[in-house]
Amino acid sequence: MTSLFEYAPAPESRSIVDVRPSYGLFVDGEFTDGTGSTMKTVNPATEEVLSEVAVGSGEDVDRAVRAARRAFTRVWGPMRPADRGKYLFRIARLLQERAREFAVLESLDNGKPIRESRDFDVPQAAAHFFHHAGWADKLDHAGLGPAPRPLGVAGQVIPWNFPMLMLAWKIAPALATGNTVVLKPAETTPLTALLFAEVCQQADLPPGVVNIVTGAGDTGRSLVAHPDVDKVAFTGSTEVGREIARSVAGTQKRLTLELGGKAANIVFDDAPIDQAVEGIVRGIFFNQGHVCCAGSRLLVQESVHDEVLASLQRRIGTLRIGDPLDKNTDIGAINSAEQLVRIRELSEIGEAEGAQRWQPECTLPDRGYWFPPTVFTDVSAAHRIARDEVFGPVLSVLTFRTPDEAVAKANNTTYGLSAGVWTEKGSRILAITDRLRAGVVWANTFNEFDPTSPFGGYKQSGYGREGGRQGLAAYLQGDH
Amino acid sequence: MSDRLAVRKTYKLYLGGAFPRSESGRTYEVTDARGHFLANAARASRKDARDAVVAARGAFAMWSGATAYNRGQVLYRVAEVMEGRAAQFAEEVAAGEGLSAGKARASVDAAIDRWVWYAGWTDKLAGVLGSSNPVAGPYFGFSVPEPTGVVAVLAPQRSSLLGLVSVVAPVLAAGNTAVVVSSLERPLPAITLGEVLATSDVPGGVANLLTGDAAELAPWLAEHADVDGIDLAGAPTPLAMELERSAAGTIKRVLRTPAEEPDWTADPGLSRMRPFLETKSVWHPIGV
């Protein structure tokens, strides 16, 4: 199917962002040179090198942790809670003021459509700071007993799929509860975290309260293993999550993990099909499918399978793939060459195992990392594409006949992060929702997020929650 | 004094609602605090532990799906039945822990009261830990606590009844099912507790009590893919770290143990339920 109608290009200007040729580490309130090597960060849509950033060494991590400890002991810990809250309110406002800058930079470094970075990632990040700012002087009411205490220094490692939003999910609750942080952004998406460091400076946040140490796996390992870190928070793959859980075993460090997923999106025969199709598209193609809670397994009731699939393919044919900075773009670039290889490999395995691959006709840019939206049918529960997290725009379609079968298939995974249910019958929504072993269930919607709604996994999707009152427990020591 | 010869009890495992011997046929000698023979307890094997996990998994849907009110009544019933057997428990605790009759009875009373306390929690957890989420959009959002699943519990080594109840009751009150490894040297109250559970409307498989050596059984439970969480209360310190590392392989929820066995008479708060509760957040659009 060819594109239904042509749109004139509508690119967002990148002139609002001033990307420096190189960045150091943000430690103790200042940008400083790292003692290790450097790495290049590229625009995945063009393969253009955007900047060169430091690879934090063990020594750099140690310096950052010491700065965070000092700030915790001398400034941030003893500070009046209301004042801590005011700093967070300032940060929230600064993010709103500089929202467009953050959005453009995020799309440049990550490859996600500007529509998403502008309308989702950055506003949500600001909202997260705003929400947690208000908690700072109300922690007695968090349900952890009177006067819960901060843990100390939090070492936080975040992924590349929502660089700025994951930063907010980590830093906002940590600071609101009186902890200080050392955060390591993902190797391929360090730039918005470094811009956030500037925001901390503009907010006059006391030095050492937030430290940003860029780098790759070794930098993260040094941070997690540092003996003076009291709390480790990680979002990323289940494989790395296991390694981190092993690393903190036998210590007093507190740990929360937000790991992979393989969510079922269940469509019953009485579902509003048009809305469900929108939800399926949103569930798997949002952010190129680089979403841990992506609805990557579509479970359709057999009687409506053909109808749903035809409608879905028609809708996918209208998605626009290309320049992330174009305001009309629906699907941007795959974040890295490495991730593109993984998506290709798993898709090839899908075909080799007997599933049918469908992709719309679409022209992909010549340079950069791209993968078209992809739907696999004839998928069985044993197929790798039905079990492994692809973390790309690849949907596996399975069918079911009865509600029991839908629940059994949905839960037939080691993951348990999210799920979707589509039906017009209220009692069925509640019954199915009750039986799904997943931390978030979207009924007649998908991929909704809010700072007041706790997010996190069951089973091997991790433990601990982010957001809401429940999320505060990860950063506090209470009597209960 | 009657010259009647006492009928002694055979101490077996409590597994899937029944009282089997260890499939391994192994037993070990249990003595009182002074070293006098009390009984031969079953020494549970890896296979027994795995069978217990199967039983616990099988019971999970029914127990976690029961209404909170119902779970509360069942756990309260445990306290009722225990009360009637208090003298027997006190005797076992006094012998095993070397306590005076008075102190042993106080410990038993505290254990019974702990069941009552947790029984009262079942229908309050959702209100205390759940939430209505005021999201910034036209959605109805709420979060509810739900049990983690099958939890392996390593019971304390010293406090053979109060300690045991203090770790098992919260796991059950939260809606989980349990595979419990008793104190190695003081296992007898665990099996008597099994007899109480078996007659208290606790469905078979909800709590499985294995006597034997945690050092032998715990590594299998820590790496078992169908165990969702592990309470390390009774794990010897060097083993605890190994178990936690092993549990990381399947991202189990781990409740760590302090270096010294705590004072089990203290108010536990939510500290032993929280680790074995998940939070589920649900969204639905609002519209006409």
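Per chain, residues are indexed from 1 in the order of the written sequence. Going through the entries in the order they are written, you letter the chains from A and number the ligands from 1. Confidence filtering applies because this is a predicted model: local features only for residues at pLDDT of at least 70, side-chain atom pairs given and counted only at 80 or more, and all residues used for totals across whole chains, interfaces and linings.

A. How the structure looks around the overall build of chain A. Runs of E in the DSSP output that reach at least two residues are strands. Runs of H or I that reach at least four are helices, and both are numbered from the N terminus. Scanning chain A for helices and strands turns up 15 helices and 20 strands. What the globule rule says is 2.2 Å times the number of residues to the power 0.38, and the radius of gyration is computed from C-alpha atoms. Taken against the 2.2 N^0.38 rule, which gives 23 Å for 480 residues, the C-alpha radius of gyration of chain A at 22 Å falls within 12% of a compact globule. On the principal axes, the C-alpha backbone points of chain A span a range of 65 × 50 × 35 Å. Out of the 480 residues in chain A, the part that is buried amounts to 60%. The contact rule is simple: place each C-beta atom from the backbone, and if two of them lie within 7 Å, those residues are in contact. For chain A, contacts bridging at least 24 residues in sequence account for 72% of all contacts bridging at least 6. Burial in this document is a count-based property: other C-beta atoms within 10 Å of a residue's C-beta are tallied, and the residue is buried at 20 or more, exposed at 12 or fewer, or partly exposed in between, with C-beta positions derived from the backbone.

B. Representation of the overall build of chain B within the structure. Helix and strand counts for chain B stand at nine helices and ten strands. Its C-alpha atoms give chain B a radius of gyration of 20 Å, near enough to 19 Å, the size a compact globule of 288 residues would have. Each of the three principal axes of chain B carries a C-alpha extent, and together these read 80 × 40 × 35 Å. Burial status across chain B gives 53% buried among its 288 residues. Long-range contacts, defined as pairs at least 24 residues apart, comprise 74% of the intrachain contacts of chain B with a sequence gap of at least 6.

C. Structural detail: the confidence of the model for chain A. Along the chain, pLDDT gives the predictor's confidence residue by residue, from 0 to 100. Taken over all residues, the pLDDT of chain A has a mean of 97, while the share at 70 or more is 99%. The secondary-structure element of chain A with the lowest mean pLDDT is strand β20 (residues 476–477) of chain A, recorded at 96, while strand β9 (residues 210–212) of chain A shows the highest, at 99.

D. Representation of the sheet that holds strand β4 (residues 38–43) of chain A in the model. All names here are of chain A. In short, DSSP must find at least two bridges between two strands for them to pair. Strand order in this open sheet of three strands is β1-β5-β4, and the pairing throughout is mixed. Edge strands, defined here as strands with exactly one partner in the open sheet, are β1 (22–23) and β4. In this sheet, strand β5 (residues 48–54) lies alongside β1 in parallel orientation, the contact comprising two bridges. When the sheet's bridge partners are listed, S22 is paired in β5 with E52.

E. Representation of the pairing of strand β8 (residues 180–184) of chain A in the model. All names here are of chain A. Of all five residues in β8, five are buried, a share of seventy percent or more. Looking at chain direction, strand β7 (residues 153–157) and β8 are connected through five bridges and run parallel. Each residue of the ladder has a partner; that of G155, found in β8, is V182. Orienting the strands away from the viewer, one traces the path from the first strand over the helix to the second; a clockwise path indicates a right-handed crossover. Note on the crossover from β7 through helix α5 (residues 163–176) to β8: the handedness is right-handed. Where β8 and β9 come together, three bridges link them in parallel fashion. Looking at the pairing, V181 lines up with V210 of β9. With respect to chirality, the unit in which β8 leads through helix α6 (residues 191–202) into the neighbouring parallel β9 is right-handed.

F. Region of the structure containing the domain arrangement of chain A. Residue and element names in this part refer to chain A. Partitioning chain A into structural domains gives domain 1 (22–259 + 459–477) and domain 2 (264–443). Once you take the C-alpha centre of each, domain 1 and domain 2 turn out to be 30 Å apart. When residues of the side of domain 1 that touches domain 2 are traced back to their parent elements, those giving at least two are α3 (99–110) and α4 (114–135). Tallied by class, the residues present in the side of domain 1 that touches domain 2 amount to six nonpolar, eight polar and six charged. Residue ranges for the domains originate in an automatic or database domain assignment. Residues are grouped as follows: nonpolar covers Ala, Val, Leu, Ile, Met, Phe, Trp, Tyr, Cys and Pro; charged covers Asp, Glu, Lys and Arg; every other residue, Gly included, is treated as polar.

G. Up close: the interface of chain B and chain A. Across the contact, 29 residues belong to chain B and 39 residues belong to chain A. Listing elements by their share of the side of chain B that touches chain A, those giving two or more residues are β4 (139–147), α9 (237–247) and β10 (277–285) of chain B. Top element by residues in the side of chain B that touches chain A is β10 of chain B. It accounts for eight residues. As paired elements, strand β18 (residues 440–443) of chain A and β10 of chain B share three bridges and run parallel to each other. Residue pairing for β10 of chain B: V441 of chain A is matched across the bridge by V282 of chain B.

H. Local environment of the pairing of strand β11 (residues 254–258) of chain A. All names here are of chain A. With five of five residues buried, β11 is to be regarded as a mostly interior element. Taking every second residue as pointing to the same face, both faces of β11 are buried, with R254, T256 and E258 on one and L255 and L257 on the other. Relative to β11, strand β10 (residues 231–235) runs parallel, the two sharing five bridges. The partner of V232 across the bridge, within β11, is L255. On the question of chirality, the crossover connecting β10 to the parallel β11 by way of helix α8 (residues 238–248) is right-handed. As defined by bridge partners, β11 adjoins strand β19 (residues 462–463) across two bridges and the pair is classed as antiparallel. If you follow L257 over to β19, its bridge partner there is Y463.

I. Here's a closer look at the environment of G467 of chain A. Residues and elements named next belong to chain A. Inspection of the secondary structure puts G467 in the loop between β19 and α15 (468–472). Exposure remark for G467: the 26 C-beta atoms within 10 Å place this residue in the buried category. Not counting residues within four places of it along the chain, the set of residues in contact with G467 comprises P451, T452, S453, P454 and F455.

J. A look at the sheet that holds β18 of chain A. The mixed open sheet is built from ten strands, whose spatial order is β14(A)-β15(A)-β16(A)-β13(A)-β12(A)-β17(A)-β18(A)-β10(B)-β4(B)-β3(B). Each of the sheet's edge strands pairs with one partner strand only, and the pair in question is β14 (356–358) of chain A together with β3 (131–132) of chain B.

K. Region of interest: the nonpolar core. For our purposes the nonpolar core covers buried Ala, Val, Leu, Ile, Met, Phe, Trp, Tyr and Cys residues that link as a set through C-beta atoms within 7 Å. Ranked by size, the top nonpolar core spans 186 residues in total, and within it V153, V168 and V179 of chain B carry the most contacts. Excluding residues that lie within four positions of it along the chain, V179 of chain B makes contacts with A49, A52, V53, A56, V150, A152, V153, N208, L210 and L221 of chain B. If you look at the next biggest cluster of nonpolar residues, it comprises 67 residues, including I284, Y415, V421 and W442 of chain A.

L. Summary view of helix α2 (residues 81–97) of chain A. Expected helix span is taken as 1.5 Å per residue step, with the number of steps being one fewer than the number of residues. When the terminal C-alpha atoms of α2 of chain A are compared, their 25 Å separation across 17 residues agrees well with the 24 Å that a helix rising 1.5 Å per residue should span. Those residues of α2 of chain A lying buried are R84, G85, Y87, L88, I91, A92, L94 and L95 of chain A.

M. Quick peek at unusual backbone geometry. With a phi close to 55°, D28 of chain A is a non-glycine residue in the positive phi region. The residue D28 of chain A is located in the loop between β2 (25–27) and β3 (30–32) in this model.

N. Highlighting helix α11 (residues 337–352) of chain A. All names here are of chain A. In this model, α11 (16 residues) spans 22 Å end to end at C-alpha, consistent with the 22 Å of a helix rising 1.5 Å per residue. Among the residues making up α11, those that are buried are Q339, I343, S347 and G350. Taken down its axis, α11 places every buried residue within 70° of arc, on the same side. In α11, the exposed residues that point more than 90 degrees away from the buried face are E338, V341, E345, E348 and A352. After α11 finishes, the residue G354 shows a positive phi value of roughly 110°. Think of it as the arc spanned by the lines of direction from the helix axis to the C-beta atoms.

O. Expanded view of the packing of helix α3 (residues 86–97) of chain B against helix α7 (residues 188–198) of chain B. Residue and element names in this part refer to chain B. Closest axis-to-axis distance for the α3/α7 pair is 9 Å, and the angle between their directions is 165°. It follows that α3 is roughly antiparallel to α7 by the angle criterion. Where α3 crosses over α7, the two elements pack in a sense that is left-handed. Contact with α3, carried on its side by Q88, F89, E92, V93 and G96, involves L188, P189 and T192 of α7 and no other residues of that element. Lines fitted to C-alpha atoms define the axes, with helix axes restricted to the stretch in contact, and inter-axis angles between N-to-C directions lie between 0 and 180 degrees. What sets the label is the angle itself: under 35 degrees gives roughly parallel, over 145 gives roughly antiparallel, 65 to 115 gives roughly perpendicular, and the rest give oblique. Here a crossing is called left-handed whenever its near helix is offset anticlockwise from the far helix by less than a right angle, and right-handed whenever the offset is clockwise.

P. Region of the structure containing the packing of helix α4 (residues 101–119) of chain B against helix α6 (residues 162–173) of chain B. Residues and elements named next belong to chain B. For the pair α4 and α6, interaxial distance at closest approach is 9 Å and the crossing angle is 5°. Considering the angle they form, α4 stands roughly parallel to α6. Contacts from S107, A110, A111, R114, W115 and Y118 of α4 reach α6 at L162, V165, S166, A169, P170 and A173. Tallied by class, the residues present in the contact of α4 with α6 amount to nine nonpolar, two polar and one charged.

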